[in-house]
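Structural characterization, general
Each chain, written out:
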Amino acid sequence: MPASPAATIRRRLTKPDGRSVWLYAAEPIPEGIEAPAPRGGPVVATPELRWHPLRAEWVDYAANRQERTFLPPAGYDPLAPTEPGGEPTELPAGPWEVAVFENRFPSLAPGAPEPPGTLVPTRPGRGACEVVVYTQAAKGGLGDLELSRVEMLIDVWADRTRELGARPEIEYVMPFENRGVEVGATLQHPHGQIYAYPFVPPIPARELEEERRHRARSGRGLLETHLEAELADGRRILFDEEGVVAFVPVFARYPYEVWVAPRAPVPGLPDVDAPLRAAFARALRAVVRGYDALRGRPFPYVMVFHQAPTDGAAHPEAHLHVEFYPPYRTTERLKYLAGTEIGAGMFTNDALPEAKAAELQAALSAAGELR
Ligand SMILES: [Zn+2]
């Protein structure tokens, strides 16, 4: 049984423009820290949702995101602590380890106003968009963090899921990370994001529906059942320790796609206990270290958490998991979604998951992380 790390301590601050900042650390954070805000003034967020009648789903419009007036100086890192006398960033100096703040250009915002009507149903883009800063260090990634820091991140994702999910208008909370310019990340500083949605978005909704149906049929969890099959097969397993498994799914839609999940179903991040948190942290870091070892440099990916909705209903069918989506084809070429993926929704993958799993197993082994 791994030693339980110190509890994560949180302090909430308010920026001059009214946005919240949450600082997290293992040691108490002193009072009197003032939260900065970058120059350029507050942004009035007016995101709106319009209904796509043929797909039966909402499309989000965040036109306010284009109103960027402040041109930052060269080398400006808005996620670094503000230096004394320096250009204000999003975060204060101080002994914080992980920090979260409300995105200045949110795609979903708590106070989004009622939009004007149009041809299709509309609704305010209410919800939340937050930025999660993993470290004060300007470079690196999840693979470079201490394990205790990755565990703290899991605490932070759980804390935000709990607090955002408790808002009546929020039905789903999704932490994610876009890493690398290849997947659209504009900042190098190690960070991720959290979107809190006023409905269960289509992809998790579809997974949850299949999980519900499987549970009604068999009395067991769908991902739990699939994990057992993956473990019995064994060829695509990258990590299996203390009840957490990382694997290339037999049905991977992308080369180097990896999933990480507890063996036993846990509905969401707020349900993760200390031993599971420790194993989850090791698995996440091992996957990123394996990715980075593949080519000897930072590997781009999109990482998403899927968990139980926060819509007030019980979700015994939900099984917390992480999905990693790299942007590559077999070689160095980027995989752009094109005709069949965009137009038909059928993915074509030019590599079998078994072959990519073998490459990743070798990379994890080289990084000393194969378990
Ligand atoms: Zn999923």
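Presented here is a report on the structure given in the accompanying data block. (Residues numbered from 1 in each chain as written. Predicted model: local features only at pLDDT ≥ 70, side-chain atom pairs only at ≥ 80, totals over all residues. Heavy atoms only, no water.)

**What about the pairing of strand 14 (residues 321-325)?**
The two faces of a sheet get side chains in turn, since along a regular strand they alternate between them. Among the five residues that make up strand 14, five are buried, leaving the element largely enclosed by the rest of the structure. As judged from the three bridges shared by strand 12 (residues 258-262) and strand 14, these two strands associate in the antiparallel manner. Bridging from a neighbouring strand, Trp259 pairs with Glu323 of strand 14. (Buried < 20%, exposed > 50% of the residue type's maximum accessible area, 1.4 Å probe, protein only. Helix = DSSP H or I, 4+ residues; strand = E, 2+ residues; numbered from the N terminus. Pairing = 2+ DSSP bridges.)

**With respect to the coordination of the zinc ion**
Taken together, Glu207 (OE), Glu207 (OE), His306 (ND1), His321 (NE2) and Glu323 (OE) make up the protein donors of the zinc ion, found 1.8 to 2.3 Å from the metal. As a motif over one chain, the donors of the zinc ion read E-x98-H-x14-H-x1-E. Of this pair, His306 sits in strand 13 (residues 301-306) while His321 sits in strand 14; the two residues are 15 residues apart in sequence, bridging distant segments of the chain. Pair check on accessibility: His306 and His321 agree, each one buried. (Donors = N, O, S within 2.8 Å, 3.2 Å for Na, K, Ca; no water.)

**Looking at the pairing of strand 9 (residues 191-197)**
The element strand 9 is largely enclosed, with a buried count of seven among its seven residues. On strand 9, burial covers both faces: His191, Gln193, Tyr195 and Tyr197 on one face and Gly192, Ile194 and Ala196 on the other are all buried. Where strand 7 (residues 128-133) meets strand 9, six bridges bridge the pair, whose relative direction is antiparallel. Looking at strand 9, one finds that Val133 is bridged to His191. By the bridge criterion, five bridges tie strand 8 (residues 172-179) to strand 9 in an arrangement that is antiparallel.

**Details of the environment of Gly140**
Assignment of secondary structure puts Gly140 in the loop between strand 7 and helix 1 (147-165). Taking the C-alpha atoms as reference points, Gly140 and Arg253, separated by 113 residues in sequence, lie 27 Å from one another.

**Focus on the sheet that holds strand 1 (residues 9-14)**
Strand order in the open sheet formed by 11 strands is 1-2-5-7-9-8-13-14-12-11-10, and the pairing between neighbours is antiparallel. What marks the edges here is a single partner per strand, and that holds for strand 1 and strand 10 (237-241). Sheet twist, expressed as the average angle between the axes of neighbouring strands with direction ignored, equals 15°. Across the sheet, helix 1 touches strand 1, strand 2 (20-25), strand 5 (98-102), strand 7, strand 8, strand 9 and strand 13, and the angle it forms with strand 2 is around 145°. Taken strand by strand, helix 6 (residues 353-366) contacts strand 10 and strand 12, and its axis lies near 55° from that of strand 10. (Axes fitted to C-alpha atoms, helices over the stretch in contact; angles between N-to-C directions. Contact = heavy atoms within 4.5 Å.)

**Overview of the nonpolar core**
Ranked by size, the top nonpolar core spans 53 residues in total, and within it Trp157, Val258, Val260, Leu284 and Phe324 carry the most contacts. Sort the elements by how many residues they give to this core and helix 4 (residues 274-295) lands first, with 10 residues. The residues that make up this core include at least three from each of domain 1 (9-199) and domain 2 (203-366). Those residues in contact with Phe324, other than ones at most four positions away along the chain, are Tyr256, Glu257, Val258, Val260, Leu284, Val287, Val288, Tyr291, Tyr301, Val302 and Met303. Membership of the second largest hydrophobic core comes to 14 residues, among which are Val21, Leu23, Leu79 and Val131. (Core = buried A, V, L, I, M, F, W, Y, C linked by side-chain atoms within 4.5 Å. Domains from an automatic or database assignment.)

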